[in-house]
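Fold and geometry: a report
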Amino acid sequence: MTGRLHAFVTEMIVHPEFQHQGIGAALLSSILGDCRAAGIADIQLFSAKGKSIFYEKLGFSSRPEDAPGMQFNAVT
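Scope of this entry: the structure provided in the associated data block. Note that the structure is a prediction, hence the values are computed from the model and not measured.

Focus: the layout of surface pockets
Considering only enclosed or pocket space, the largest pocket measures out at about 620 Å³ in volume. Every residue lining the largest pocket is counted, 25 residues in all, and those nearest its centre are M12, Q19, K51, F54 and Y55. Those elements giving two or more residues to the lining of the largest pocket turn out to be α1 (23-37) and α2 (52-57). Looking at the lining of the largest pocket, the element that brings in the most residues is α2, giving 5 residues. Class assignment for the residues of the lining of the largest pocket results in 13 nonpolar, 9 polar and 3 charged.

Put into structure tokens, the structure is as follows:
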């Protein structure tokens with residue numbers, strides 16, 4: 001046991017001039033890889049309105065309406 005149970009990603013923002021170039025996906029993929037390497041299987045984030053599709057493509061799923069945000073459950 002490493003003492004790490006959860007990760008929370010905040011403020012995942014890429015400047016509009018650089019969006020749609022794979023930068024955000026590369027950054028988030030790197031974060032997910034680091035979490036997996038550390039044994040963290042539960043990763044959560046809040047998605048800006050209209051941006052959840054971006055996160056869903058990377059394996060996140062929306063949480064229930066009474067538990068806002070998105071989560072990623074990695075198999076470690």
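Okay, back to it.
Considerations on the environment of L32
Relative to the helices and strands, L32 is located in helix α1. The exposure class assigned to L32 is buried, which follows from its relative accessible area of 3%. Residues L32 and I43, spaced 11 residues apart in sequence, show a C-alpha to C-alpha distance of 8.0 Å. Contacts of L32, omitting those with residues within four sequence positions, involve I43, L58, F60 and F72.

Observations concerning the environment of S52
In this structure, S52 sits in helix α2. For S52, a relative accessible area of 24% corresponds to the partly exposed category. With 10 residues separating them along the chain, S52 and S62 place their C-alpha atoms 7.7 Å apart. Beyond its immediate chain neighbours, meaning those up to four positions away, S52 contacts S47 and M70.

So, the pairing of strand β1 (residues 6-9)
Alternating positions in β1 separate cleanly, A7 and V9 being buried on one face and H6 and F8 remaining unburied on the opposite face. In terms of strand pairing, β1 meets strand β2 (residues 42-45) through 4 bridges, oriented parallel. When the sheet's bridge partners are listed, A7 is paired in β2 with I43. With α1 bridging β1 and the parallel β2, this β-α-β connection has right-handed handedness.

Examining the packing of aromatic side chains
All told, the structure shown has 3 aromatic pairs when counted by the stated rule. Ring geometry for F8 and F46: centres 5.4 Å apart, planes at 75°, overall edge-to-face. Remark: F46 occurs in the loop between β2 and α2 and F8 occurs in strand β1; sequence separation between them is 38 residues. Summarising the aromatic geometry, the rings of F54 and Y55 are spaced 5.0 Å apart at their centres and angled 80° between planes, so their arrangement reads as edge-to-face. A relative accessible area of 31% means that F54 is categorised as partly exposed. Three or more aromatic residues link up through ring pairs in this structure, and these residues are F54, Y55 and F60.

What counts and what doesn't
- Residues numbered from 1 in each chain as written.
- Predicted model: local features only at pLDDT ≥ 70, side-chain atom pairs only at ≥ 80, totals over all residues.
- Heavy atoms only, no water.
- 1 Å grid on protein atoms, 1.4 Å probe; cavity = no way out; pocket = protein on both sides within 12 Å on 5 of 7 lines; lining within 4 Å.
- Points joined across faces, edges and corners; volume = space filled by probe spheres on them.
- Helix = DSSP H or I, 4+ residues; strand = E, 2+ residues; numbered from the N terminus.
- Nonpolar A, V, L, I, M, F, W, Y, C, P; charged D, E, K, R; others polar.
- Buried < 20%, exposed > 50% of the residue type's maximum accessible area, 1.4 Å probe, protein only.
- Contact = heavy atoms within 4.5 Å.
- Pairing = 2+ DSSP bridges.
- Right-handed = clockwise from strand over helix to strand, strands pointing away.
- Phe/Tyr/Trp six-rings, centres within 6.5 Å; stacked < 30°, edge-to-face > 60°.

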